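Here is how the chains run, residue by residue.
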Amino acid sequence: MAADILGYRGKRVVVMGCFSGTGEACARALVDLGAEVHGADIKPSPVPLASFTHVDLKDAASIEAGVAAIGGEIDALFNVSGLPQTFPGEDVVTVNFLGLRHWTQAWLPHIRAGGAIVTVSSLGGMNHLARQPLLTELLDCPDIASGRAWYAAHAERAGDPYTLSKEAINSWTQRQAPALMARDIRINTTMPSPIDTPMLEDFRKVAGDAVLSAFAKAKGRYSTAEEQALPLILLNSDAARFISGVCLPVDAGLAGGLATGVLNLQHMIAEAAGG
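Residues numbered from 1 in each chain as written. Predicted model: local features only at pLDDT ≥ 70, side-chain atom pairs only at ≥ 80, totals over all residues. Heavy atoms only, no water.

## What about unusual backbone geometry?
Okay, so step 1: Phi is positive for Asp 184, close to 60°, though the residue is something other than glycine.
Okay, so step 2: With respect to the helices, strands and loops of the structure, Asp 184 is situated in the loop between α6 (161–181) and β6 (186–192). (Helix = DSSP H or I, 4+ residues; strand = E, 2+ residues; numbered from the N terminus.)

## Here we look at helix α1 (residues 21–32)
Okay, so step 1: Compared with an ideal rise of 1.5 Å per residue, which puts twelve residues at 16 Å, α1 spans 17 Å between its outermost C-alpha atoms and is within 8% of the ideal.
Okay, so step 2: Buried residues of α1: Thr 22, Gly 23, Glu 24, Ala 25, Cys 26, Ala 27, Ala 29 and Leu 30, and no others.
Okay, so step 3: Tucked inside the fold, the buried residues of α1 contact β1 (12–16), β2 (36–41), β4 (74–79) and α9 (225–235).
Okay, so step 4: Gly 34 occupies a position one or two residues after α1 and carries a positive phi of about 90°. (Expected span 1.5 Å × (residues − 1). Buried < 20%, exposed > 50% of the residue type's maximum accessible area, 1.4 Å probe, protein only. Contact = heavy atoms within 4.5 Å.)

## Looking at the packing of helix α2 (residues 60–70) against helix α3 (residues 89–107)
Okay, so step 1: One way to put it is that α2 packs onto α3 with a least axis distance of 10 Å and a crossing angle of 35°. Seen along the crossing, α2 lies across α3 with a hand that is right-handed. Facing α2, whose interface residues are Ala 60, Ile 63, Glu 64, Gly 66, Val 67 and Ile 70, α3 presents Gly 99, His 102, Trp 103, Ala 106 and Trp 107. (Axes fitted to C-alpha atoms, helices over the stretch in contact; angles between N-to-C directions. Left-handed = near helix turned anticlockwise from the far one by under 90°.)

## A few points about the pattern of salt bridges
Okay, so step 1: Here the structure, examined in full by the defined rule, presents ten salt bridges.
Okay, so step 2: A salt bridge links Glu 24 to Arg 28, with the nearest nitrogen and oxygen atoms 3.1 Å apart. Of this pair, Glu 24 and Arg 28 both sit in helix α1, four residues apart, which is roughly one turn of the helix.
Okay, so step 3: Here Glu 24 falls in the buried class, since its relative accessible area comes to 19%.
Okay, so step 4: One network of salt bridges, in which partners are shared, links Glu 73, Asp 75 and Arg 112. (Salt bridge = Lys/Arg side-chain N within 4 Å of Asp/Glu carboxyl O.)

## What to know about the pairing of β1
Okay, so step 1: Most of β1 sits inside the fold, with five of its five residues counted as buried.
Okay, so step 2: Side chains Arg 12, Val 14 and Met 16 of β1 all project onto a buried face; the interleaved residues Val 13 and Val 15 project onto the opposite face, where all are buried too.
Okay, so step 3: With five bridges connecting them, β1 and β2 associate as parallel partners. Paired with Val 13 across the bridge in β2 is Val 37.
Okay, so step 4: Chirality of the crossover, the property in question, places the unit of β1, α1 and β2 among those that are right-handed.
Okay, so step 5: Alignment of β1 against β4, held across four bridges, turns out to be parallel. Its bridge partner lying in β4, Met 16 is registered against Asn 79. (Pairing = 2+ DSSP bridges. Right-handed = clockwise from strand over helix to strand, strands pointing away.)

## A few points about the environment of Ala 240
Okay, so step 1: Take Ala 240: it is sitting in the loop between α9 and β7 (247–250).
Okay, so step 2: Under the relative-accessibility criterion, Ala 240 is labelled buried at 2%.
Okay, so step 3: Between the alpha carbons of Ala 240 and Arg 186 there is a distance of 9.2 Å; along the sequence they are 54 residues apart.
Okay, so step 4: In this structure Ala 240 touches Arg 186, Leu 234 and Leu 235, once residues within four positions along its chain are discounted.

## Quick word on the sheet that holds β2
Okay, so step 1: Read from one edge to the other, the open sheet built from seven strands follows the order β3-β2-β1-β4-β5-β6-β7, with strand pairing classed as parallel. Of all strands in the sheet, those with a lone pairing partner are β3 (51–54) and β7, marking the two edges. Between one strand axis and the next, the sheet turns through 20° on average, direction left out of account.
Okay, so step 2: Each of β5 (111–120), β6 and β7 touches α6; the most contacted strand, β6, lies at about 155° to it.

This is the structure we're talking about:
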C-alpha cells in the first residue's frame with residue numbers, strides 16, 4: 001500500500017467556500033497535503049492558495065466566470081458554501097442547492113477521470129428519501145432562475161428553506177452518482193451536526209439553545225471545523241475510490257441513534273431545555 005494513501009500530492013483541487021469555517025479548514029489541510037488548491041468564495045480567503053476567485057453562487061454569470069477564471073482540469077471539487085435560515089428563503093435555496101448545482105455542473109467537463117466531488121449537506125437533510133415527490137419538482141427545475149421561481153411559488157408547501165436545500169443536495173448527489181461513475185467520477189455529501197463556527201450563532205437564532213444542545217449531546221460538544229473538513233478530504237481522496245452516492249453523517253453517532261430509536265430527539269430537546 002502506498003504511503004500517501006490520500007493521494008493529494010500534486011493534485012489540482014478547487015474549494016468553494018474557503019473564506020472561513022469548514023471550508024477554510026479544508027483548504028488549509030489540502031495545502032498541507034501537497035495539493036494545488038484554488039479557492040472560491042464571496043469573501044477573500046486567509047489560506048495561502050494557488051489562486052482565489054470571487055464567486056457569488058446566487059448569480060449564474062458569476063459562477064460561470066469563476067470556473068473560467070480558475071480554468072484547466074481538476075481532480076477534486078469541494079463544495080463547502082452555505083447559508084442559514086437567517087437569510088431570505090430564496091437565497092438559502094439558491095446558495096445551498098441551485099447555485100452549487102450550477103457550479104458543479106460547470107466543472108463537470110473539466111474533472112479528470114478518477115476525480116471526485118463532495119458537498120457539505122446537513123443532518124437537516126437526512127429525511128430526503130421520504131420527500132422525493134416534492135424534491136423531484138425542485139430538481140426538475142433546470143437552472144437557478146426556474147428553481148428560485150419554483151421555491152417562491154411553493155415556499156409554504158416546501159417548508160424550511162435550509163432543510164429543503166439540504167434534502168435537495170442529498171437527492172441530487174445520489175441521483176448523479178451512477179452516471180458520473182460511468183465517467184470514473186465520484187460524488188458524495190457529508191451531513192454534519194452543529195459545528196463550532198461563526199454560523200452557529202445564526203442557527204441559534206432560528207432553532208434555539210435547546211435544539212442545538214440536543215444535536216450536540218451524542219459527543220457532549222459541537223464538532224470543530226477540522227472534524228468536518230477531514231471527512232470531506234477523505235471522501236475525495238484515493239482512499240475512498242470505491243465510495244460514491246453516499247450521504248455521510250458526521251455527527252458522533254447521532255443519526256444512527258435516532259434511526260434505531262436508541263436516541264429520542266424530542267426527549268433530548270426537553271432535557272436540554274430543562275437543564
